[in-house]
Amino acid sequence: MVGSNNLGVAHLADLYCQKAFEKGAKKGLGLAERDYLHESLMLAGLCHDLGHGPFSHTFDSLVIPSISPGLKWSHEVASEMLLDDMIDTYNIDMEMHQLRFIKGLIAAERREDYGIDWIYEVISSKKYGMDVDRFDYMMRDPLHTGQKDLVFHPNFYLDNFEIINNSVVFNIKIANKIFEFFNHRYKLFKNMYLNRKSVGIEYMIGDLFKMVNDHFHFEEIIFDPKKYLKCTNNIMFEIENLAETRPDVKKLVNRLYHRENYKFVNEYICEKSTKKRHSKEDMHKIKELFIECQPNEYVLDTDGPKMENKRLDMDNVIIGNYLFKYCEENQFDSIQVLGFDGEVKPASALPNLMNINKYYEYQIHCYVRDSSLYPLAKQTWIVFVQKYSHLLRIE
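Residues numbered from 1 in each chain as written. Predicted model: local features only at pLDDT ≥ 70, side-chain atom pairs only at ≥ 80, totals over all residues. Heavy atoms only, no water.

(A) The arrangement of helix 5 (residues 96-107) in detail. In a regular helix each residue adds 1.5 Å, so twelve residues correspond to 16 Å; helix 5 covers 16 Å between its end C-alpha atoms and thus fits that length. Burial analysis of helix 5 places nine of its twelve residues in the buried class, which makes it a mostly covered element. Taken residue by residue, helix 5 has Gln98, Leu99, Phe101, Ile102, Lys103, Gly104, Leu105, Ile106 and Ala107 as its buried positions. Buried residues along helix 5 sit in contact with helix 2 (31-47) and helix 4 (75-89). Alanine 108 sits one or two positions beyond helix 5 and adopts a positive phi of about 60°. (Helix = DSSP H or I, 4+ residues; strand = E, 2+ residues; numbered from the N terminus. Expected span 1.5 Å × (residues − 1). Buried < 20%, exposed > 50% of the residue type's maximum accessible area, 1.4 Å probe, protein only. Contact = heavy atoms within 4.5 Å.)

Structure below.
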């Protein structure tokens, strides 16, 4: 999937650049300069996600933080490492200034500043929040998961912008589509990326990789380009072989393959206007308080053979949090539109119910590793939220 994403982003970067040069961007640029920018953009698109590990963002957000808490590493850092290694290994003739420029395009940083503002927003846009990386996964992912009603169509945007004063300006006739873009992305996250079962499987994968880390040493592999290059989803075959001598690993692998997922219990969701979230210490305390809320006596209601009474504890309960960014703060002040009167104005000046003033959705969720504990956890959550909801809400 990462490979198809890289190809898709490179293709859309190609289209974006062609459109930009047709609509005002080539002013003051010679043919050689345009070719250089065009080539660099496509290469940045092709290489922007080279550094994704097995199971993509799960490796970034769950595996590495659980193995090496506090370690400053991301797949973008790994992408740069692999790009450097590829250039060295295959003796690719590339000037250092172009390599720095490409890395900057991937990271949305001006490491080589050519005074061309719009070009730094094509691959990864912090200013507009609308870039070809998002275009690609919003188009591809729902298509491959059978949710055709959520398939995104980037041509509306690629066909209706121009470059004015070195910035991207959208035609006002698609003003509603600008707001719809962020709403569409929000729906994808709610329906797919943060789907309750998906998150439960991610927690299982995180536990599995942490369990086998004594064999693989992922915290070392991620800094070795030769080894990390081989760290793909195919690692599951190696884990299966390892499971033959490790009963704990075999049990979790079997659960994963038989879709015996960690069980979602409940969640607490609130809107926020800031990025602030609970610290690890706060989340640990919240988990302790949740466990304290379970009733002193509780007989599990099961349809199978009678089981001994079980209790919720720090090992069989997962309390996690997620901060979803609808858009950047004041995002619509940065996005510009060209009105029918020829005046350029910010999108925030346009009346629209999707022009929001709270930019984040904060979620605290609960899962149990043992599904037989679900009835107890469900009852406990109700008591917990009634008693401690003030601790869950954070501004």
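(B) Region of the structure containing the sheet that holds strand 6 (residues 344-346). The strand order 1-2-5-6 describes an open sheet built from four strands, whose pairing is mixed. The sheet is open, and its two edges are formed by strand 1 (161-164) and strand 6, each paired on a single side. Looking at each pair of strands side by side, their axes are set apart by 40° on average, direction ignored. Pairing analysis gives three bridges linking strand 2 (residues 167-171) to strand 5 (residues 336-338), with the strands arranged parallel. Directly across from valine 169, in strand 5, lies its bridge partner glutamine 336. (Pairing = 2+ DSSP bridges. Axes fitted to C-alpha atoms, helices over the stretch in contact; angles between N-to-C directions.)

(C) Representation of a positive patch on the surface in the model. A surface patch of like charges, here positive, comprises Lys197, Arg259, Lys263 and Lys378. Within the fold, lysine 378 resides in helix 17 (residues 374-392). Judged by relative accessible area, lysine 378 falls into the partly exposed class, the value being 40%. (Patch = residues over 30% accessible without salt bridge, like charges linked within 9 Å, V, L, I, M, F, W, Y side chains within 5 Å. Areas by Shrake-Rupley, 256 points an atom, 1.4 Å probe, with all protein chains shown as cover. Salt bridge = Lys/Arg side-chain N within 4 Å of Asp/Glu carboxyl O. Lys, Arg positive; Asp, Glu negative; His and termini not counted. Charge placed at Lys NZ, Arg CZ, Asp CG, Glu CD.)

(D) Fine view of unusual backbone geometry. Residue serine 56 is not a glycine yet carries a positive backbone phi of 50°. Counting through the fold element by element, serine 56 comes out in the loop between helix 2 and helix 3 (57-67). Notably, asparagine 166 is not glycine yet its phi reads approximately 70°, a positive angle. Of note, asparagine 166 is situated in the loop between strand 1 and strand 2.

(E) Inspection of the pattern of salt bridges at higher detail. Counting across every chain of the model gives 21 salt bridges. Among the salt bridges present, the one from aspartate 136 reaches arginine 140, with a minimum N-O distance of 2.2 Å. Separated by four residues within a single helix, aspartate 136 and arginine 140 lie in helix 6 (residues 132-144), roughly one turn from each other. Across the pair, arginine 140 and aspartate 136 agree in class, each one buried. Of the charged contacts in the structure, one is a salt bridge between aspartate 370 and lysine 310, with a shortest N-O distance of 2.6 Å. With aspartate 370 in the loop between strand 7 (360-368) and helix 17 and lysine 310 in the loop between helix 15 (280-292) and strand 4 (317-325), this pair connects stretches of sequence that are 60 residues apart. Overall, the relative accessible area of 23% leaves aspartate 370 in the partly exposed class.

(F) Quick look at the sheet that holds strand 4. Here we have three strands laid out as an open sheet, ordered 3-7-4, and antiparallel in their pairing. The sheet is open, and its two borders are formed by strand 3 (263-272) and strand 4, each paired with just one other strand. Strand-to-strand, the axes of this sheet are offset by a mean angle of 15°, without reference to chain direction. Where strand 3 meets strand 7, nine bridges bridge the pair, whose relative direction is antiparallel. Its bridge partner being in strand 7, tyrosine 268 is matched across the sheet by isoleucine 364. Each of strand 3, strand 4 and strand 7 touches helix 8 (residues 175-193); the most contacted strand, strand 4, lies at about 170° to it.

(G) Quick peek at the packing of aromatic side chains. Scanning all chains against the criterion turns up 36 aromatic pairs. Ring centres of phenylalanine 59 and phenylalanine 218 lie 5.8 Å apart, and the angle between their planes is 85°; this geometry places the pair in the edge-to-face category. With phenylalanine 59 in helix 3 and phenylalanine 218 in helix 11 (residues 218-221), this pair connects stretches of sequence that are 159 residues apart. Judged on exposure class, the residue phenylalanine 59 and its partner phenylalanine 218 are both buried. Their ring planes at 85° and their centres at 6.0 Å tell us that phenylalanine 101 and tyrosine 120 sit as a pair that is edge-to-face. Separated by 19 residues along the polypeptide, phenylalanine 101 in helix 5 and tyrosine 120 in the loop between helix 5 and helix 6 bring together distant segments of the chain. (Phe/Tyr/Trp six-rings, centres within 6.5 Å; stacked < 30°, edge-to-face > 60°.)

(H) Geometry of helix 4. A rise of 1.5 Å per residue sets the reference length of helix 4, with its 15 residues, at 21 Å; its end C-alpha atoms lie 20 Å apart and thus fit the reference within 8%. Of the positions making up helix 4, those classed as buried are His75, Ala78, Ser79, Glu80, Met81, Leu82, Leu83, Asp85 and Ile87. On its buried side, helix 4 packs onto helix 2, helix 3, helix 5 and helix 12 (225-228).

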